[in-house]
Amino acid sequence: MIITSCGNSEYIARGLAKKLKAKYSPLTIAAFPDGDLYLRFNASLQGKKVVIVQSFYPHPDMSLFDVVFASKTARELGAKKIILVAPYLAYMRQDKRFHPGECVSSMVMAGLLNDYVDKIITIDPHLHRYKSLKNIFKISAVRLTANGLLGEYIKKKYQPLRNNLVVIGPDWESYQWAEDIAQIVGVPATVLEKTRLSSWEVHSKMVHPIPIKGKDVVIVDDIISTGRTIAEAARQAKSMGAKSIRTVGVHGIFVEDAIEKMKKAGVVDIVSTNCIDKENSKIDVTPLLVEELKKER
Ligand code: R5P
């Protein structure tokens with residue numbers, strides 16, 4: 001087995017190679033003067049399982065393109081099996097034609113990977129309207145969840161607050177992970193009902209309310225992008241008398257002033273996994289991926 005990376009997930013790729021005692025050989029990726037992609041493998045792939053580790057952020061479009069070029073090349077160089085480890089898989093949110101004429105990007109992304117990769121392993125992909133990755137992938141597609149890691153992190157880091165914690169999911173879909181995580185921590189959970197007015201504006205209110213007054217609230221979500229969903233949920237919790245508000249998410253994209261926005265709404269601690277490598281990435285997902293890849297040894 002050879003572990004390689006296209007640049008976005010080097011920390012995880014190195015960690016996987018170390019734990020799996022596999023060779024780590026990063027790709028050389030550059031651009032020709034006109035901007036054309038240059039890509040080169042630096043190890044022999046003949047007869048090997050090649051694991052390409054690449055989160056699709058930053059630059060979701062180039063990330064996908066890199067993977068397609070790398071996979072096609074790996075096949076030509078004799079790789080036995082090509083496994084894509086995409087801790088964060090972009091393009092999953094456009095999972096239907098919301099408006100006439102729109103591209104269903106998730107289908108296009110999956111279609112490309114179906115053609116070039118043998119297997120994909122990802123973490124908490126945005127499955128809202130799709131029930132399973134099988135709805136878009138023909139190849140073997142493994143969906144891991146970081147719920148366990150998030151739960152353990154909250155339990156340990158916020159131990160002094162433990163008896164006063166509640167977990168909130170910012171929308172209906174988030175109940176799947178809010179409930180799981182709350183169970184691991186051993187505290188109550190509820191969700192808000194979110195109305196997304198546009199990519200840039202969301203409103204939310206609590207359904208089936210649980211007591212929030214005086215509580216230390218942890219808002220959990222799969223993706224934190226503009227931070228508006230979390231900020232809105234935080235304002236809601238604050239208006240219900242929450243004592244403090246923290247947020248722990250799986251994929252911390254944190255575009256533009258997301259962090260500032262959440263802080264302004266009263267969020268005192270913002271944490272994510274390293275599916276996307278940022279300064280708030282305090283939860284390492286490597287152990288999850290190691291267990292899955294051990295099946296390939
Ligand atoms: C939406 O369905 C997701 O679960 C997240 O709540 C959403 O992607 C967060 O986006 P933003 O941070 O831009 O509000």
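Residues numbered from 1 in each chain as written. Predicted model: local features only at pLDDT ≥ 70, side-chain atom pairs only at ≥ 80, totals over all residues. Heavy atoms only, no water.

Student: Residues and numbers for the side chain of Asp222, please.
Tutor: Following the sequence through the fold, Asp222 ends up in strand 12 (residues 216–224). Those residues in contact with Asp222 that sit more than four places away from it in its chain are His126, His128, Trp177, Val250 and His251. (Helix = DSSP H or I, 4+ residues; strand = E, 2+ residues; numbered from the N terminus. Contact = heavy atoms within 4.5 Å.)

Student: Just give me the short version of the sheet that holds strand 2 (residues 23–24), but keep the residues and values in it.
Tutor: Spatially, 2-1-5-6-7-8 is the arrangement adopted by the six strands of the open sheet, whose pairing is parallel. Strands at the two margins of the open sheet, each flanked by one partner only, are strand 2 and strand 8 (140–144). As defined by bridge partners, strand 7 (residues 119–123) adjoins strand 8 across five bridges and the pair is classed as parallel. Note on strand 8: the bridge partner recorded for Ile121 is Val142. Sitting on the sheet, helix 1 (residues 10–20) is in contact with strand 1 (2–5), strand 2 and strand 5 (49–53), with an inclination near 170 degrees to strand 1. Contacting strand 5, strand 6 (81–86), strand 7 and strand 8, helix 8 (residues 286–294) crosses the sheet at an angle of about 155 degrees to strand 7. (Pairing = 2+ DSSP bridges. Axes fitted to C-alpha atoms, helices over the stretch in contact; angles between N-to-C directions.)

Student: Lay out the environment of Asp221 in plain terms, naming residues and giving numbers.
Tutor: With respect to the helices and strands, Asp221 occurs in strand 12. Its relative accessible area of 3% is what places Asp221 among the buried residues. It is 29 Å that separates the C-alpha atoms of Asp221 and Lys295, two residues lying 74 residues apart in sequence. In this view, Asp221 contacts Pro170, Ser174, Trp177, Thr229, Ile230, Val248, Gly249 and Val250; residues no more than four positions away in its chain are not counted. (Buried < 20%, exposed > 50% of the residue type's maximum accessible area, 1.4 Å probe, protein only.)

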